[in-house]
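# Descriptive analysis of the structure
Okay, here's what each chain looks like letter by letter:
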Amino acid sequence: MSSTLKPPPGEIGAPPARESARARRHRWTARARSNWSSKVVLTLCAVALVAIVVYPLVMLFVGSFTLGFVDVGPENYTRVFIDPRLYSALRNTLWIAIGSTAFSIACGVPIAWVVTRTNVRGRGLLKFLVGVAFMTPAYQGAVSYIMLLGPHSGYVNRWYMSLFGTTEGLFDIYGMWGIILVTTINTFPYVVFLCGAALASVDVRLEDSARILGASRFRVLSGITWKLVTPAVLASALLVFVHSMSLFGAHAFLGMPRGVFTLPTRIFELFLQFPPDYAGAASLSMILVVTTAVLLFWQRRFLSKRSYVTVAGKTARPATTELGRLGKWICTFGCHAFFTLAVYLPVGVLVWVSFSESRVTASLDTLTWTNYSEVLFDVGLTKRGLKNSLMLGFGAATVGTLMAGLVAYMTLRLQTRAVRLLDYLAMVPLGIPGVALGVGLILAWINVPVPIYGTTLILLVAYVARTMPLGVRAADSSIRQIEPALENAARVSGATRLRSMFDVTLPLMKGGLLAAWALIFMTSIQELGATILLFTPGNETVAVAIFDRASDGRMEHVAALAVITMVITLAVLWVINRLSGGSVAARIRIR
Amino acid sequence: MCSERILRVLTRVVVGAVALLVVVACGTTQEQGSGAPTEGEAAGTNGDGDAAPTPEDDETSDGESQDDEVVDLSQDPSRLDALIEAAREEGQVVWYTPNASATADEVAALFEEEYDIPVVVHRAGGGEILQRFLLEADSNRVQGDLVSLGSDVASTTSLVDDGYFECNFVPREFDNLHEWAQGPPGCWGGERGVLSIIAYRTDLLEEAGIDPPQSWEDLTKEEFRGRVHTPHPAYSSTTRMTTALLSDAMGWDWYERLRDNDAIIVRDQAALLDALETGEALVVGPANHSRLAQAKVEGRPIEVVAPEEGTFLGPSPNLVPVGAPHPNAGMLLADFVLTEPAQQVYLDAGNIAGRADFSSPEGMPPMDEVNVLPVDWDWMIEAGEEPTNMFADIFEVERSAD
């Protein structure tokens, strides 16, 4: 049956003469409608993606040539490439990315396995801790760790010095290792989220067959389970690698003191100089964009060689590895040792400071609520910030998830070149520093007659753009595991492409989509780089408020705001989880 | 097989890099071909070809209109009523200011009380304001009615020269300002001054038996090794100005000695106060005086010193941009920030008042004892990013090469 066949006009809804004719006609209309509707959706999605993600970046690129206040000299684009500062910055950035990726995978994959596939007790707590680590922005992690491990002033070092009567601290958080530590804490949750999702949906019968055929437990793990989660490991490694290259906050707080300058700090400096060097900053941003594209391309090629379909219609029950007493003990100890570094200490120190009058002289006798009451009731900026951030978080997460789901779906199911390009486009923002995206967005929307610039909408657009890669990756790795045959079955039975997508694939993707929603929500609520350029009076976010308090030297307020944000975020996620009948946590899928 | 894959990936990376460079090179040559003649045009007109006058185009006409249209309230205070009237008609005023948010809000509240005109305060760092203002101005969508870029007089002056700001208003109190706070007549008056100082922890130095630092030179002493925190000039305009000035007064070898003394580079002023309060740093400098002097007044064991060799004092100009939506209200606010109640707010917040008839802020050495280095703004504009780049060479490239 050719897809060019058109149904006779007026046929839809006409009373059927014969049963077989009715069925035939129905198929025709379905096929025709399916092509039409999927094309419309595809086009709409592409237009939205281009408007939100591509257009601002093009404007940034164009603007770097035409912005009037810079003397655009011929050497402008190449100049930054012959600057020796670039090469030391590139070298540092690369080491940070490699180190953080290695550590994130090394810590994230075992944690994902423990949480999804073992009978270790307290998995709920571990899940929760991963979430807490994820919702702590890297700059906050850096601030916490300076409070803990500052060579002369950190709580740990002061305790060590008073214990041993020395004047030199034990640890020094500044420098390359400090950046890698803080970055890893910020990025390993990607690995746990994505690999946890994959591990949870691995078809147990594959593993069972291997066991029956006599493979050892380790052999099953390395030969089957590991192979099946490879796409997720690769996807998360890609995310971590590029993301860790662009974490300006951690680099500036921890690297700069020891002369470790990186690509983001270099880009930031080019923006801040007078006149701003957009050409230089844009061309340096291109390095990150190209890295993202190359890695993505490589990942594609690697994945295209094999099939990773594991959800194929028949029930795959969740399997747990029964660990012995020793195994449980080792897993629990290992996880909590890691979370001491990742969550207990940095979050603990924030909570402690948030209740202190002054973090320097803080003691149990001087604990106080005043920071919270000031932040919540006295300062208008922080109140507005909390409200706006919540609204924007909800909006960006909902819009972003919808778009990300569609993009991921189309990439995998409509294997056309145009669609694959969409997928690349959706990943580009991963390599764009927030400040660059901010400039692009201003240039893009300032003269468009639609009231976006100067309103809260521009922040929404910024967050959707910034978090698009996260959403698409999360949705993508869950679609990858769904057998197209399920959907084809629906279509053979007469459903349109849209219908089969909504009735079959979407429910199966629900976990991945909810994970995307949560990722986008948590990321948007802490976004600072673009926000600081785009906010206008009245629509400040909580990140702006934190920045404001920090530049005023009120770290106690900063800590209180950070704790409040964390509690609110957790509450929102908990409510969402309850509303959907407990399936989110299961399908954010750290089961 | 594995190495084969790595090879393939490497090839792709190289091809990608080459492609990027080709693109870059193409862009460059294109620019070379067409850039030079259109440069003047490109300035300001950016993509929006319609009739709205661009700052660049306005330069000459503005220069003419300056002479006959200057509203000089210092000579002719009676024009104030007309200005108030016009400002009320405009309905509101948008103020881009790098003031601390509490200070800006307080001044705004006083203004609203006085004139019954609502103030929308857009508070951000000087660098962010500059970014935003330039992008808005170049898109002919100026949103601010009164814009302050902090102590970055060099950028402000170049923007005045390029016609981004109106220079047709002299506030009532202009003649009462300190000399350093008086901009070109009709262009701006500085609301407050920021002084670059050295600050140290009194208790920790006493404990260690170290003499308090009195000069920039003291920061390179062995006893402060690894315990001096100094801000990066790229992230704060006051630091940028100070670095340029000190590179001239102290020479770059002072910075080299500072690096050899393991000085810690921090991003911004907030980090300096933080380092001092926690005891991470024994000494910080060059630092903006206001928050540190405030901390001293609040009873923290911190002392503020104006270095013997002399230092930078920067005014904070307020200007009305060309194309401001509420220019009269902007002028009225520019006038108001120099009046007594507003100046008192600045002083109470630890700033040096722009007006000469106010005392030095609490916690600071008296201003007449401070050795303020004279600033040649033309030289400063000429130097541009050079001092920042030199600083970066010393602290980034050379340090990481060690």
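Residues numbered from 1 in each chain as written. Chains lettered and ligands numbered in written order. Predicted model: local features only at pLDDT ≥ 70, side-chain atom pairs only at ≥ 80, totals over all residues. Heavy atoms only, no water.

## Structural notes on the sheet that holds strand β3 (residues 119-123) of chain B
Residue and element names in this part refer to chain B. Here three strands make up an open sheet; going across it, the order is β3-β2-β4 and the pairing parallel. At either end of the open sheet lies a strand with only one pairing partner, and these are β3 and β4 (146-147). As defined by bridge partners, strand β2 (residues 93-97) adjoins β4 across two bridges and the pair is classed as parallel. Following the sheet pairing, W95 is matched in β4 by L146. (Pairing = 2+ DSSP bridges. Helix = DSSP H or I, 4+ residues; strand = E, 2+ residues; numbered from the N terminus.)

## What to know about the packing of aromatic side chains
According to the stated counting rule, one finds 28 aromatic pairs over all chains in the structure shown. Ring geometry for F268 of chain A versus Y235 of chain B: centroids 5.8 Å apart, planes at 15 degrees, classification stacked. Linking F268 of chain A in helix α11 (residues 263-272) with Y235 of chain B in the loop between β7 (228-231) and α8 (237-249), this pair reaches from one chain into another. Overall, F268 of chain A belongs to the buried group, its relative accessible area being 11%. For Y235 of chain B, a relative accessible area of 11% corresponds to the buried category. Judged by centre distance (5.7 Å) and plane angle (80 degrees), the ring pair of Y255 of chain B and F391 of chain B falls under edge-to-face. With a gap of 136 residues between them, Y255 of chain B in helix α9 (residues 252-260) and F391 of chain B in helix α15 (residues 386-401) connect regions that are remote in the sequence. Residue Y255 of chain B shares its accessibility class with F391 of chain B, and that shared class is buried. Among the aromatic residues, ring-to-ring pairing joins W216, W252, W254, Y255, F391 and F395 of chain B into one connected group. (Phe/Tyr/Trp six-rings, centres within 6.5 Å; stacked < 30°, edge-to-face > 60°. Buried < 20%, exposed > 50% of the residue type's maximum accessible area, 1.4 Å probe, protein only.)

## Quick word on the nonpolar core
Membership of the largest hydrophobic core comes to 206 residues, with the highest contact counts inside it found for I111, F188, F339 and W445 of chain A together with Y255 of chain B. When neighbours within four sequence positions are excluded, I111 of chain A is seen to be in contact with V130, F188, V192, C335, F338 and F339 of chain A. (Core = buried A, V, L, I, M, F, W, Y, C linked by side-chain atoms within 4.5 Å. Contact = heavy atoms within 4.5 Å.)

## Here we look at the confidence of the model for chain B
As a note on interpretation, predicted positions should not be read in detail where pLDDT is low. Residues and elements named next belong to chain B. Taken as a whole, chain B shows an average pLDDT of 82; of its residues, 82% reach a score of 70 or greater. Ranking the elements of chain B by mean pLDDT puts helix α1 (residues 2-45) last with 43 and β4 first with 96. Within the model, pLDDT remains below 50 along residues 21-67, and this stretch shows 48 contacts once partners closer than five positions in the same chain are excluded. Interface predicted TM-score (ipTM) for the complex: 0.77; the corresponding pTM is 0.80. (pLDDT = per-residue confidence, 0-100.)

## Comments concerning the packing of helix α15 (residues 380-413) of chain A against helix α22 (residues 542-551) of chain A
Residues and elements named next belong to chain A. Here α15 crosses α22 at 150 degrees, and the two axes come no closer than 7 Å. As judged from the angle between their axes, α15 and α22 are roughly antiparallel. When α15 is examined against α22, the residues L381, T382, G385, L386 and S389 are found in contact with a partner set consisting of V542, A545 and D548. Class assignment for the residues of the contact of α15 with α22 results in four nonpolar, three polar and one charged. (Axes fitted to C-alpha atoms, helices over the stretch in contact; angles between N-to-C directions. Parallel < 35°, antiparallel > 145°, perpendicular 65-115°, else oblique. Nonpolar A, V, L, I, M, F, W, Y, C, P; charged D, E, K, R; others polar.)

## A closer look at helix α3 (residues 79-90) of chain B
Its twelve residues place the ends of α3 of chain B 17 Å apart at the C-alpha level, agreeing with the 16 Å of an ideal helix rising 1.5 Å per residue. On its buried side, α3 of chain B packs onto α4 (101-115), β5 (169-170) and α12 (327-336) of chain B. (Expected span 1.5 Å × (residues − 1).)

## Side note on the environment of C167 of chain B
Within the element layout of this structure, C167 of chain B appears in the loop between α6 (153-161) and β5. Separated by 153 residues in the primary sequence, C167 of chain B and V320 of chain B place their C-alpha atoms 7.9 Å from one another.

## Some points on the side chain of T278 of chain B
By secondary structure assignment, the location of T278 of chain B is in helix α10 (residues 269-278). Using a relative accessible area of 16% as the deciding quantity, one classes T278 of chain B as buried. At 2.9 Å, the side chain of T278 of chain B forms a polar contact with the backbone oxygen of D274 of chain B. Of note is the side chain of T278 of chain B, whose polar atom sits 3.2 Å from the backbone oxygen of A275 of chain B. In this structure, T278 of chain B is in contact with S153, R158, R359 and V360 of chain A together with R201 of chain B, ignoring residues within four places of it in sequence. (Polar contact = N/O pair within 3.5 Å; in protein donor to acceptor, adjacent residues only side chain to side chain.)

## Describing the packing of helix α3 (residues 84-117) of chain A against helix α4 (residues 123-134) of chain A
Residue and element names in this part refer to chain A. Close contact between α3 and α4 brings their axes to 9 Å; oriented N to C, the two are set at 140 degrees. Of the possible angle classes, the one that applies to α3 and α4 is oblique. Once α3 is placed against α4, the crossing between them reads as left-handed. Here α3 contributes I111, V114 and V115 to the contact with α4, which in turn contributes R123, L126, K127 and V130. (Left-handed = near helix turned anticlockwise from the far one by under 90°.)

## Here we look at a negative patch on the surface
All names here are of chain B. Taken together, D105, E106, D348 and E362 make up a surface patch of like negative charges. Here E106 lies in helix α4. For E106, a relative accessible area of 45% corresponds to the partly exposed category. (Patch = residues over 30% accessible without salt bridge, like charges linked within 9 Å, V, L, I, M, F, W, Y side chains within 5 Å. Areas by Shrake-Rupley, 256 points an atom, 1.4 Å probe, with all protein chains shown as cover. Salt bridge = Lys/Arg side-chain N within 4 Å of Asp/Glu carboxyl O. Lys, Arg positive; Asp, Glu negative; His and termini not counted. Charge placed at Lys NZ, Arg CZ, Asp CG, Glu CD.)

## Some words on the state of the cysteines
Residue and element names in this part refer to chain A. In total, this model carries one disulfide over all chains according to the counting rule given. Of all cysteine sulfurs in the structure, the one in C107 sits closest to C195, which takes part in no disulfide; the separation is 12 Å. Accessibility expressed as a relative area gives 1% for C195, which makes it buried. Between C335, a free cysteine, and C331, which holds the nearest cysteine sulfur, the sulfur-to-sulfur gap is 6.4 Å. (Disulfide = S-S within 2.5 Å.)

## Section: a nonpolar patch on the surface
Among the surface-exposed residues, L326, W329, I330 and F333 of chain A lie close enough to one another that they form a single nonpolar patch of about 510 Å² accessible area. The class for F333 of chain A is exposed, based on a relative accessible area of 53%.

## Side note on unusual backbone geometry
Residue and element names in this part refer to chain B. Look at the link from G285 to P286: it is a cis peptide, with omega at -5 degrees. Relative to the assigned elements, P286 resides in strand β9 (residues 283-288). With a phi angle near 55 degrees, N140 is a residue other than glycine that sits in the positive phi range. Its location among the elements puts N140 in the loop between α5 (126-138) and β4. Among the residues examined, N140 registers a relative accessible area of 22% and is labelled partly exposed.

## A look at helix α9 (residues 217-245) of chain A
Helix length check: α9 of chain A (29 residues) gives 37 Å between terminal C-alpha atoms against 42 Å at 1.5 Å per residue, more than 12% under. Where α9 of chain A bends most, the angle comes to about 50 degrees, and this point is T230 of chain A, followed within four residues by the proline P231 of chain A. (Bend = angle between axes of the 7 residues up to and from the residue.)

## Quick look at the environment of A545 of chain A
Residues and elements named next belong to chain A. Assignment of secondary structure puts A545 in helix α22. Exposure remark for A545: the relative accessible area of 0% places this residue in the buried category. In sequence terms A545 and R384 are 161 residues apart; their C-alpha atoms lie 8.9 Å from each other. What A545 contacts, discounting residues up to four positions off in sequence, is L381, T382 and L561.

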